[in-house]
Amino acid sequence: MIPETSSQRCIKLFECIEFPTKWKFSKNLINNISAPDVGFFKYNDIIYLLTNNGDYLKIFYSNDLFGDFTSHPINKKSKKIYSRNAGNIFIRDNMLYRPAQICNPSYGYGVALYKINKISTTEYDEELIKTYNPDWFPELTGCHTFNICDNLLITDGRLRIKSPNMKQVNSINGK
């Protein structure tokens, strides 16, 4: 597990001892970095870490999750409209996709979906293929997570508070 440790200026890796309640710190993967919403995945036997620093997408790679990570050449020139990850990188129809947060007009406003056309230790290219604004559910004001695992889609939403039109809905934790 790689939790959010941006405020500690590092990317930390934890190992599961007893799922889901017992975790052990393993190592700092990268130090001296503000790295929110780190995503990682393995592709062509390389482990990639993707994060951002403001408007800049940052990529690091290694042959081993427990090894040393190298800064990708794109880190010097990777300004993106939507750089902050919104979920895991996933494969659909043999193509890689990266969901990203739309943080304008507000943090967690919507989700942008990028298709990764090329990724290696020397190259990276992606194209924006779709944006999802918070208009797919009544009273929604934001959506900043988009995860796909197998055939399951996991997303979130931010609702307006104290609206006369709000209706209670059942959730995992009650109403």
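Heads up: these notes are all about the structure in this document. (Residues numbered from 1 in each chain as written. Predicted model: local features only at pLDDT ≥ 70, side-chain atom pairs only at ≥ 80, totals over all residues. Heavy atoms only, no water.)

**Examining the nonpolar core**
For clarity, the cut-off: What we call a nonpolar core is a set of buried Ala, Val, Leu, Ile, Met, Phe, Trp, Tyr and Cys residues that are connected through their side-chain atoms within 4.5 Å. Only protein chains enter the area calculation, which uses a 1.4 Å probe; residues under 20% of their type maximum are buried, those over 50% are exposed, and those in between are partly exposed. For helices the rule is a DSSP run of H or I covering at least 4 residues; for strands it is a run of E covering at least 2, with both sets numbered from the N terminus onward. We call two residues in contact whenever any of their non-hydrogen atoms come within 4.5 Å of each other.
Grouped together as the largest cluster of nonpolar side chains are 13 residues, with contacts concentrated most on F41, Y48, L50, I59, I119 and Y124. Those elements that place two or more of their residues in this core are β4 (46–53), β5 (56–62) and β9 (110–119). Aside from chain neighbours lying at most four places away, what touches I119 is F41, Y43, Y48, L96 and Y124. If you look at the next biggest cluster of nonpolar residues, it comprises 12 residues, including I2, L13, V38 and F69.

**Looking at the sheet that holds strand β10 (residues 124–132)**
Here is the rule: When DSSP finds at least two bridges between two strands, those strands are taken to pair. Throughout, an axis means a line fitted to C-alpha atoms (over the contacting stretch in the case of helices), and angles, computed between N-to-C directions, take values from 0 to 180 degrees.
In space, the 4 strands of this open sheet follow the order β7-β8-β9-β10, with antiparallel pairing throughout. Both outer strands of the open sheet, β7 (90–92) and β10, are each paired with one neighbouring strand and no more. Put simply, the sheet's adjacent strands are angled 40° from each other on average, direction ignored. Strand direction decides the pairing type here: β7 and strand β8 (residues 95–102), joined by 3 bridges, are antiparallel. In the sheet register, I91 faces β8, and the bridge partner there is L96.

**Observations concerning the environment of I30**
You can see I30 is positioned in strand β2 (residues 22–31). On a C-alpha basis, the gap between I30 and T70 in space is 9.1 Å, while along the polypeptide they are 40 residues apart. Apart from the residues lying within four places of it in its own chain, the contact partners of I30 are C10, I11, L49, F60 and F69.

**Things to note about the sheet that holds β5**
Read from one edge to the other, the open sheet built from 4 strands follows the order β3-β4-β5-β6, with strand pairing classed as antiparallel. Looking at strand neighbours, the two that pair on one side only are β3 (39–43) and β6 (70–71), the edges of this open sheet. Pairing of β4 with β5 involves 7 bridges; the strand directions are antiparallel. Residue pairing for β5: Y48 is matched across the bridge by Y61.

**Focus on the environment of R9**
Note on placement: R9 falls in the segment before β1 (10–18). For the pair R9 and I33, spaced 24 residues apart in the sequence, the C-alpha separation amounts to 4.7 Å. Excluding its chain neighbours within four sequence positions, the residues that come into contact with R9 are N31, N32, I33 and S34.

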